[in-house]
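# Topology and contacts: notes
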Amino acid sequence: MKNLLIISNWKLNGSKYLINNFINKISHVIKGCNFSIVIAPPLLYLDYMQQIIKFYKCDNHILLSAQNIDIHNYGSFTGEISAKMLKDIGIKYAIIGHADRKIFHKENNDIILKKFTLLKSEDISPILCIGETKKEYQSNQTIAVCIKQINNIIKNLGILALQNTIIAYEPIWAIDNKIIIDPTYIQKIHSTIRNYLMKINCKISKNISIQYGGSVNFTNVLNLLKQQDIDGVLIGRASLDTESFIKILNIINNNYSF
Ligand code: PGA
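Remember, it's a predicted structure, so these values are computed and weren't measured experimentally.

### Considerations on the nonpolar core
Here is a general trend for soluble globular proteins: nonpolar side chains tend to be buried in one another's company. Grouped together as the largest cluster of nonpolar side chains are 72 residues, with contacts concentrated most on Ile6, Ile23, Ile37 and Leu162. Ile6 has contacts with Phe35, Ser36, Ile37, Val38, Leu225, Val233, Ile235, Phe245 and Ile252, leaving out every residue within four places of it along the chain. Counting residues in each nonpolar core, the second largest holds 11 residues, with Ile7, Val38, Tyr93 and Ile166 among its members.

Below, the structure is given as structure tokens:
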């Protein structure tokens, strides 16, 4: 059975009211599920959400992730937050290299490597987003691009740096879109990535969680998770609406024998 993980990325959305309502409702559902969820609210709300999760006694099932960190641990970098600060408040995951950061903040592989390194030194699991642009997809460069992004970590930090790392394959063209995803196509990309890692380190390849993200919702989640090499999903919009997210959790829970 897979070690299934469901990640909810709130992006620039949320409020104290939504957090209370969301965690209250989700707590009833998640306690009966045999998988965990990771929620990435805006950084400002991480500590608050942590308190609410404890209040509803579901901290065994709901973990928290940052959506981003800075490339420094401290200093004159107004507006930033560091991996050290995340550790200080007990956060276990951080998303790095998300498509939104690549598009709107021009994040490249060097910046992602710096962030990855800082997270590892604080014992925080990176959720490393990889994926190709539409142009790269149309010119059949998907695999080459994904492998290059992973290799940048392996080449600089060694394969063992991928221990306790989550890879999220997120084709940039599929995020925030209305596309129809072909789960068998996504499976092929995931299995190619796993096979590539297998040639370097069998244990890492077997244990690493490879998530899919991009327009996941309650209509497609099951067929995605049924694919052998899709270990979970990173959901944006469909996880923001409490009822829609509960629907997704119930669908997974009622069919969880992947
Ligand atoms: P989406 O976002 O599910 O709204 O496409 C995915 C993501 O945040 O990566």
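### What about the sheet that holds strand E3 (residues 62-66)?
With parallel pairing, the eight strands of this closed barrel are ordered in space as E1-E2-E3-E4-E5-E6-E7-E8. Strand-to-strand, the axes of this sheet are offset by a mean angle of 25°, without reference to chain direction. Here strand E7 (residues 209-213) pairs with strand E8 (residues 232-235) via three bridges, running parallel. Each bridged residue has a counterpart across the sheet, and for Tyr212 the counterpart in E8 is Val233. Strands strand E2 (36-40) and E3 of the sheet are contacted by helix H1 (residues 16-30), whose axis makes an angle of about 165° with E2. Its contacts with the sheet place helix H12 (residues 242-254) against strand E1 (5-9), E2 and E8, and it is angled at close to 170° to E1.

### Remarks on the pairing of E2
Judged by how many residues are buried, E2 sits mostly within the fold: four of five residues are covered. Here E1 pairs with E2 via five bridges, running parallel. By the bridge assignment, Ile7 is partnered in E2 with Val38. Crossover connection from E1 via H1 to parallel E2: handedness right-handed. Note that E2 and E3 share three bridges and pair parallel. Bridged to Val38 within E3 is Leu63.

### A closer look at the site of the ligand
Close contacts around the ligand come from Asn9, Lys11, His98, Glu170, Ile175, Asp176, Gly214, Ser215, Leu234, Ile235, Gly236 and Arg237, and that covers them all. Contacts to the ligand include His98, whose side-chain N or O atom sits 2.8 Å from an oxygen atom. Within the side chain of Arg237, a nitrogen or oxygen atom sits 2.6 Å from an oxygen atom of the ligand. Relative to its free-state accessible area of 280 Å², the ligand is covered by the protein chains to the extent of 99%. Classifying every residue of the shell around the ligand by side-chain character gives three nonpolar, five polar and four charged.

### Focus: the side chain of Ser125
Structurally, Ser125 can be placed in strand E5 (residues 125-130). If we ignore the near neighbours within four places in the chain, the residues touching Ser125 are Lys92, Tyr93, Ala94 and Asn164.

### As for the pairing of E5
Within E5, six of the six residues are buried, which leaves it mostly tucked inside the rest of the structure. Across four bridges, strand E4 (residues 93-96) lies against E5 in parallel orientation. Paired with Ala94 across the two strands is Pro126, which belongs to E5.

### Description of the pattern of salt bridges
Inspection of the entire model under this criterion finds eight salt bridges. When the shortest N-O distance is used, the salt bridge between Glu122 and Lys84 registers 2.9 Å. Here Glu122, found in the loop between helix H5 (109-121) and E5, pairs with Lys84, found in helix H3 (residues 83-88); they are 38 residues apart in sequence, far enough to count as distant. By relative accessible area, Glu122 is classed as buried at 8%. Taking the relative accessible area as the measure of exposure, Lys84 reaches 40% and is therefore partly exposed. Put simply, Arg101, Glu107 and Lys115 are held in one network by salt bridges that share partners.

### Structural notes on the packing of aromatic side chains
Aromatic ring pairs are defined here through the distance separating the ring centres and the angle between the ring planes. Inspection of the entire model under this criterion finds six aromatic pairs. Between the aromatic rings of Trp10 and Phe22, the centroid separation amounts to 4.9 Å while the plane-to-plane angle is 80°, which identifies the pairing as edge-to-face. Here Phe22 lies in helix H1 and Trp10 lies in the loop between E1 and H1, a separation of 12 residues in the sequence. Per residue, the accessibility class of Trp10 equals that of Phe22, and both read buried. Ring centres 6.0 Å apart and planes at 80° place the aromatic pair Tyr137 and Tyr185 in the edge-to-face group. You can see Tyr137 sitting in helix H6 (residues 134-138) and its partner Tyr185 sitting in helix H8 (residues 183-200), a full 48 residues away along the chain. Residue Tyr185 is classed as partly exposed on the basis of its relative accessible area of 23%. Members of the aromatic cluster, each reached through a chain of ring pairs, are Trp10, Phe22 and Phe245. Sitting over the face of the ring of Tyr48, Lys16 holds its NZ or CZ atom 5.3 Å from the ring centroid. In this structure, Lys247 is placed above the aromatic ring of Phe218, and the distance from its NZ or CZ to the ring centre is 3.8 Å.

Reading the values: rules and limits
Residues numbered from 1 in each chain as written. Predicted model: local features only at pLDDT ≥ 70, side-chain atom pairs only at ≥ 80, totals over all residues. Heavy atoms only, no water. Core = buried A, V, L, I, M, F, W, Y, C linked by side-chain atoms within 4.5 Å. Buried < 20%, exposed > 50% of the residue type's maximum accessible area, 1.4 Å probe, protein only. Contact = heavy atoms within 4.5 Å. Pairing = 2+ DSSP bridges. Helix = DSSP H or I, 4+ residues; strand = E, 2+ residues; numbered from the N terminus. Axes fitted to C-alpha atoms, helices over the stretch in contact; angles between N-to-C directions. Right-handed = clockwise from strand over helix to strand, strands pointing away. Near = heavy atom within 4 Å. Polar contact = N/O pair within 3.5 Å; in protein donor to acceptor, adjacent residues only side chain to side chain. Areas by Shrake-Rupley, 256 points an atom, 1.4 Å probe, with all protein chains shown as cover. Nonpolar A, V, L, I, M, F, W, Y, C, P; charged D, E, K, R; others polar. Salt bridge = Lys/Arg side-chain N within 4 Å of Asp/Glu carboxyl O. Phe/Tyr/Trp six-rings, centres within 6.5 Å; stacked < 30°, edge-to-face > 60°. Lys NZ or Arg CZ within 6 Å of the ring centre and 35° of its normal.

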